[in-house]
Amino acid sequence: MGIVGEMLSYPFLVRAFVGGILISLCAALLGVSLVLKRYSMIGDGLSHVSFGALSIAIAIGWSPLAVSLPVVALAAFFLLRLTENSKVKSDAAIGMISASSLAIGIVATSLTTGMTTDVSSYMFGSILAMSRGDVALSAVLSLVVLGLFVFSYHKIFAVTFDESFAKATGVKVEFYNIMTAMLTAVAIVLGMRMMGAMLISSLIIFPSLTAMRLFKSFRGVVWCSGVLSALCFCIGMVLSYRLSTPAGASVVLVNLAAFAMFSLVGLTVKKK
């Protein structure tokens, strides 16, 4: 507990823990539905959209978060609509939007400010980037995301496993698909300050895949995914502080180790 107490004596690390845990929970819970629907790479696509939007915002002197949130939400809606067209598959649509947004961000950066500290922190993440305002905004929006997820849990469950049956029972499938995409967009934008555009999608993919190694029920996967995501984030932060490694990369490696461990345990249980 000594190193944790030492870390909590620094205000910027306290902000990082609070913001990071809330964002990790949001991303993990939303990730369960996205992974089961084979739509998990939407996080990667939206993170690149967010990078493009914030690069332009920084170039013209606007607030990055104020610009990124509506742009990424609009991209999520557009991406969902685009993939409903059978002529464009979801992986192709995500790849197209991801590459285009990243290219726009890089060009905007090269023509104006260049690769400044601000741009680098959004691209690769920085625990120093979390201001009090960022944490307050992250806390409010994260609680909204968690509240909507809990309130709509049964509807999300129905839509995740069988859209046709859910629609037949009166569930507004299109509405809940759009809501999930929008909530994912919010989680992506908030998490970029901590994890960076290159790594934020890991918070969506890893926890749910890891939980599925041991749990088979939707409820079990959701609970395990949320707890595991928050725990891996905290361990990653401690390792980052101890070893002087980038926080985002450390969190991803801890998630990778958890996935490997759960996979081994899952194989052992199956053999028995």
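Residues numbered from 1 in each chain as written. Predicted model: local features only at pLDDT ≥ 70, side-chain atom pairs only at ≥ 80, totals over all residues. Heavy atoms only, no water.

Here's the deal with the packing of helix H3 (residues 42–60) against helix H10 (residues 173–195)
Thought 1: Put simply, H3 and H10 touch, their axes get as near as 9 Å, and they point 55° apart. Of the possible angle classes, the one that applies to H3 and H10 is oblique. Helix-helix and strand crossings are classified by hand; for H3 and H10 the assignment is right-handed. Contacts between H3 and H10 involve Ile-42, Gly-43, Leu-46, Ser-47, Ser-50, Phe-51 and Leu-54 from the former and Ala-181, Thr-184, Ala-185, Ile-188, Val-189 and Met-192 from the latter.
Thought 2: Taken together, the residues of the contact of H3 with H10 break down into nine nonpolar, four polar and no charged. (Axes fitted to C-alpha atoms, helices over the stretch in contact; angles between N-to-C directions. Helix = DSSP H or I, 4+ residues; strand = E, 2+ residues; numbered from the N terminus. Parallel < 35°, antiparallel > 145°, perpendicular 65-115°, else oblique. Left-handed = near helix turned anticlockwise from the far one by under 90°. Contact = heavy atoms within 4.5 Å. Nonpolar A, V, L, I, M, F, W, Y, C, P; charged D, E, K, R; others polar.)

Focus on the packing of aromatic side chains
Thought 1: Evaluation of the coordinates by the stated rule reveals nine aromatic pairs.
Thought 2: For the ring pair Tyr-153 and Phe-218, a centre distance of 5.6 Å and an interplane angle of 45° mean the geometry is tilted. Note that Tyr-153 is positioned in helix H8 (residues 153–161) and Phe-218 in helix H12 (residues 218–243), a separation of 65 residues in sequence. For the pair Tyr-153 and Phe-218, one class covers both residues: buried.
Thought 3: Taken together, the ring pairs in this structure connect Phe-149, Tyr-153, Phe-157, Phe-161 and Phe-218 into an aromatic cluster. (Phe/Tyr/Trp six-rings, centres within 6.5 Å; stacked < 30°, edge-to-face > 60°. Buried < 20%, exposed > 50% of the residue type's maximum accessible area, 1.4 Å probe, protein only.)

Looking at helix H11 (residues 202–211)
Thought 1: Within H11, nine of the ten residues are buried, leaving the element largely enclosed by the surrounding structure.
Thought 2: Ser-202, Leu-203, Ile-204, Ile-205, Phe-206, Pro-207, Ser-208, Thr-210 and Ala-211 are the residues of H11 that are buried.

Things to note about a nonpolar patch on the surface
Thought 1: Together, Leu-214, Phe-215, Met-261, Val-265 and Val-269 give the surface a local cluster of nonpolar side chains, amounting to about 420 Å² of exposed area.
Thought 2: The residue Val-269 is located in helix H13 (residues 247–271) in this model.
Thought 3: Val-269 gets classed as exposed once you look at its relative accessible area, which sits at 52%. (Patch = residues over 30% accessible without salt bridge, like charges linked within 9 Å, V, L, I, M, F, W, Y side chains within 5 Å. Areas by Shrake-Rupley, 256 points an atom, 1.4 Å probe, with all protein chains shown as cover. Salt bridge = Lys/Arg side-chain N within 4 Å of Asp/Glu carboxyl O.)

Here's the deal with H3
Think of an α-helix as turning once every 3.6 residues; residues three or four places apart then point the same way.
Thought 1: End to end, H3 covers 27 Å across 19 residues, agreeing with the expected 27 Å (1.5 Å per residue, within 8%).
Thought 2: Across the 19 residues that make up H3, a large majority, 16, are buried. (Expected span 1.5 Å × (residues − 1).)

Regarding the side chain of Thr-210
Thought 1: For Thr-210, the location among the structural elements is in helix H11.
Thought 2: Within the structure, Thr-210 has its side chain in polar contact with the backbone oxygen of Phe-206 (distance 2.8 Å).
Thought 3: Ignoring anything within four residues of it in the chain, the contact list for Thr-210 reads Leu-228, Asn-255, Ala-258, Phe-259 and Phe-262. (Polar contact = N/O pair within 3.5 Å; in protein donor to acceptor, adjacent residues only side chain to side chain.)

Here we look at the environment of Ile-200
Thought 1: Mapped onto the secondary structure, Ile-200 falls in the loop between H10 and H11.
Thought 2: The class for Ile-200 is buried, based on a relative accessible area of 1%.
Thought 3: Taking the C-alpha atoms as reference, Ile-200 lies 9.5 Å from Ser-24; in sequence the two are 176 residues apart.
Thought 4: If we ignore the near neighbours within four places in the chain, the residues touching Ile-200 are Ser-47, Ile-188, Gly-191, Met-192 and Met-195.

Describing the packing of helix H2 (residues 11–36) against helix H7 (residues 132–151)
Thought 1: Between H2 and H7, the least distance of the axes is 9 Å, while the angle of their chain directions is 25°. By the criterion of interaxial angle, the relationship of H2 to H7 is roughly parallel. Considering only the axes of H2 and H7, their crossing is left-handed. Contacts between H2 and H7 involve Arg-15, Val-18, Leu-22, Ile-23, Leu-25, Cys-26, Leu-29 and Leu-30 on the former and, on the latter, Arg-132, Val-135, Ser-138, Ala-139, Ser-142, Val-145, Leu-146 and Phe-149.
Thought 2: Split by residue class, the contact of H2 with H7 holds twelve nonpolar, two polar and two charged.

Things to note about unusual backbone geometry
Thought 1: Non-glycine residue Ser-244 carries a positive phi angle of around 60°.
Thought 2: Tracing the sequence through the fold places Ser-244 in the loop between H12 and H13.
Thought 3: Owing to a relative accessible area of 68%, Ser-244 belongs among the exposed residues under this scheme.

Structural measurements only, silent on function.
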